[in-house]
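Understanding the architecture of this molecule
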Amino acid sequence: MNAHTRMDREQGDVNTSLNREKYWSRYLTGPAREWFEKDCRYFLHQSLSTPVLNVLSRAEGIYVEDMSGRKYIDMHGNGVHNAGFNNPEVVAAVKRQLDEGLSFCPRRYTNTAAVRLAEKLAEITPGDLYRSLFCPGGSESIEMALMLARQVTGRFKTLSFWDAYHGTTFGAASISGEEHFHGGLGPLVPGAFHVEFPSYYRNPWGFTNPGDVDAECLRQMEIVFQREPEMAAVIGEPVSAKPVIPSKAYWEGVEALCKQYGALLIFDEIIEGFGRTGKMFAAEHYLTPDVLVLGKSLGGGIVPFAGIVTRERYNTCRHRSIGHYTHEKNALCAAAALAEIEYIEKNRLPEHAAELGRYALERLNGMMEKHPLIGEVRGVGLHLGIDLVKDRKSKTRAVEEAEIIMYKCFEKGLAFKTIEGNVITLRPALTIKRQEMDLALDILDEAIGEVEQGKKY
Ligand SMILES: Cc1ncc(COP(=O)(O)O)c(C=O)c1O
């Protein structure tokens, strides 16, 4: 696999492969084909989205359903479906808010839904995180976190991680570590430095001892702190999207460096927040960051909404604006967010994710014993990854195999996304039951077996 292929596939499966064409020829028929072609005609094409995979007619609970009536357990969901797609309690809250006659709330005013949401976040976010600010999307919430860090520290440099994705605006693209999202753009925001994330399975030094990986990553981070003084913030996902799950010692080491060099620590929990990792927030596995960035599921899987939560002592920008967004206190979005959080709490979804995640990981470990294609399985809560390799010694990424497995799984009723070309990511709605998880893992098991036997798509 050349470097270019790898870059293409950094964040997901590509939409231009031969297998994708075969999938279209088999599954896009009748009206679905017509809508697909119109979509191709009217939208700007871009990698990872248009031309699209298929046309959906429903997204409900753990499932998406295509226009031809095929249902798939969706383990991607773009991360918005923690409480399940179209959750009836979130839908009811949104309808109630519309019926009350206050859906939009112009800036300069507030409303009870927005205040209740901010109060709720002050209550449930870790440690002394307390003050919120909202905006429509995750990329913008990252911008607010960066602007807050600049205002608080009076500095502008940032330290983040290679291979991370934090969004598509210029600031977010600058701190992201993937060529795919900034190649061809020219100069980005100055002062964005990157270091390695502590990947215990794949790291540039070939280390296999997690302690050695942590030590080297922290050593390199400290070098950047020393050579690039005046760092405003370190920003990262506490658990990466791959997923890579750092040790507690690693994040404590990062926190200590931030304190020593006067930088804020920002956690991007746009994917990992709201129960995904088996705790309400992934930070709870580690420590309290200075800023917690939220998005995706915050909108209840229905509306776009995102935001930051930070400490009282950083409430210092009264004379300036760092998030002057039209939808800052959108009542409809706030009502959806509140209903989503209440549903997650009432149904103890973080606890369920922890328990079912442990079970799924055990099953995946069992699958690894019989499938040489599986190099490693990893995960925390319902945030799981299967790293497929051509052989376990070289750890060469099994990119072609992963793509065929993915299309075979679509055929059998399971949808997910691959990342870095060869890592199958499983992030179902947290409402998924054990029998449904079993069914999904049976499908995956069968598809991996077929590819190992040399079957093509
Ligand atoms: C970790 C992470 N941060 C930020 C973003 C950007 O969020 P949005 O797409 O809502 O702008 C994403 C989106 O995928 C993400 O996964």
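Residues numbered from 1 in each chain as written. Predicted model: local features only at pLDDT ≥ 70, side-chain atom pairs only at ≥ 80, totals over all residues.

Another aspect to go through is unusual backbone geometry. Residues other than glycine predominantly adopt negative phi, and peptide bonds predominantly adopt the trans conformation. The omega torsion across Thr 50 and Pro 51 is 5°, close enough to zero to call that bond cis. Here Pro 51 shows up in the loop between helix 3 (30-42) and strand 1 (56-60). In this structure, Pro 243 follows Lys 242 across a cis peptide bond, with omega equal to -10°. Structurally, Pro 243 can be placed in the loop between strand 7 (231-236) and helix 9 (248-261). Its identity as a non-glycine residue notwithstanding, Asn 86 has a phi of 50°, on the positive side. By C-beta crowding, Asn 86 is classed as partly exposed, having 16 other C-beta atoms within 10 Å. Phi is positive for Phe 274, which is not a glycine, with a value near 60°. Assignment of secondary structure puts Phe 274 in the loop between strand 8 (264-268) and strand 9 (291-294). (Helix = DSSP H or I, 4+ residues; strand = E, 2+ residues; numbered from the N terminus. Buried ≥ 20, exposed ≤ 12 C-beta atoms within 10 Å, placed from the backbone.)

Okay, the site of the ligand next. The ligand sits among 14 residues. The nearest are Gly 137, Gly 138, Ser 139, Gly 167 and Ile 270. Top contributing element to the shell around the ligand by residue count: helix 6 (residues 138-153), with three residues. A breakdown of the residues in the shell around the ligand according to their chemical character gives six nonpolar, six polar and two charged. (Near = placed C-beta within 6 Å. Nonpolar A, V, L, I, M, F, W, Y, C, P; charged D, E, K, R; others polar.)

For the rest of this paragraph, the subject is the domain arrangement of the protein chain. If you check the domain split of the protein chain, you get domain 1 (3-85 + 349-452) and domain 2 (88-346). The straight-line distance from the C-alpha centre of domain 1 to that of domain 2 is 25 Å. The interface is formed by 31 residues belonging to domain 1 together with 29 residues belonging to domain 2. Mapped onto the side of domain 1 that touches domain 2, the elements with two or more residues apiece are helix 1 (3-8), helix 11 (349-370), strand 11 (374-379) and strand 12 (384-388). With five residues, helix 11 is the largest single contributor of residues to the side of domain 1 that touches domain 2. (Domains from an automatic or database assignment. Contact = placed C-beta atoms within 7 Å.)

Turning our attention to the nonpolar core. Ranked by internal contacts, the top residues of the largest apolar core, which has 131 residues, are Ala 145, Leu 264, Ile 266, Leu 292, Val 293, Ala 336 and Leu 414. Among the elements that make up this core, the one with the highest residue count is helix 10 (residues 331-346) (12 residues). Residue contributions to this core reach at least three from each of two domains, namely domain 1 (3-85 + 349-452) and domain 2 (88-346). When residues no more than four places from it in sequence are discounted, the contact partners of Ala 145 are Ile 235, Ile 266, Val 291, Val 293 and Ile 308. (Core = buried A, V, L, I, M, F, W, Y, C linked by C-beta atoms within 7 Å.)

Moving on, we get to the sheet that holds strand 8. The strand order across the open sheet formed by seven strands is 4-10-9-8-7-5-6, and the pairing between neighbours is mixed. Of all strands in the sheet, those with a lone pairing partner are strand 4 (129-135) and strand 6 (192-195), marking the two edges. Between one strand axis and the next, the sheet turns through 20° on average, direction left out of account. Bridge count for strand 5 (residues 157-161) against strand 7 is three bridges, and the pairing is parallel. Its bridge partner lying in strand 7, Lys 157 is registered against Met 231. (Pairing = 2+ DSSP bridges. Axes fitted to C-alpha atoms, helices over the stretch in contact; angles between N-to-C directions.)

Moving on, we get to the pairing of strand 2 (residues 63-66). Bridge count for strand 1 against strand 2 is four bridges, and the pairing is antiparallel. The residue bridging Glu 60 from the neighbouring strand is Tyr 63, located in strand 2. The hairpin formed by strand 1 and strand 2 contains two residues between the paired strands, and Gly 61 there has a positive phi angle of roughly 60°. The pairing of strand 2 with strand 3 (residues 71-74) spans three bridges and is antiparallel. Within the sheet, the bridge partner assigned to Val 64 lies in strand 3 and is Tyr 72. Connecting the antiparallel pair strand 2 and strand 3 is a turn made up of four residues, with Gly 69 showing a positive phi of about 90°.

Turning to helix 11, a few remarks are in order. Each turn of an α-helix holds 3.6 residues, which means side chains three or four residues apart point in the same direction. Look at helix 11: 31 Å from first C-alpha to last across 22 residues, which is about the 32 Å you get at 1.5 Å a residue. Of the residues making up helix 11, those classed as buried are Leu 349, Pro 350, His 352, Ala 353, Leu 356, Gly 357, Ala 360 and Leu 364. The arc that holds every buried residue of helix 11, seen down its axis, measures 125°, which confines them to one face. Set apart from the buried face of helix 11 by more than 90 degrees, the exposed residues are Glu 362, Asn 365 and Glu 369. (Expected span 1.5 Å × (residues − 1). Arc of directions from axis to C-beta.)

The strand order across the open sheet formed by four strands is 11-12-15-14, and the pairing between neighbours is antiparallel. At either end of the open sheet lies a strand with only one pairing partner, and these are strand 11 and strand 14 (417-419). With direction set aside, neighbouring strand axes in the sheet form an average angle of 25°. Across the sheet, helix 11 lies against strand 11 and strand 12, angled at about 170° from strand 11, the strand it touches most. Set on the sheet, helix 12 (residues 399-412) makes contact with strand 12, strand 14 and strand 15 (423-426); between it and strand 14 the angle comes to about 165°.

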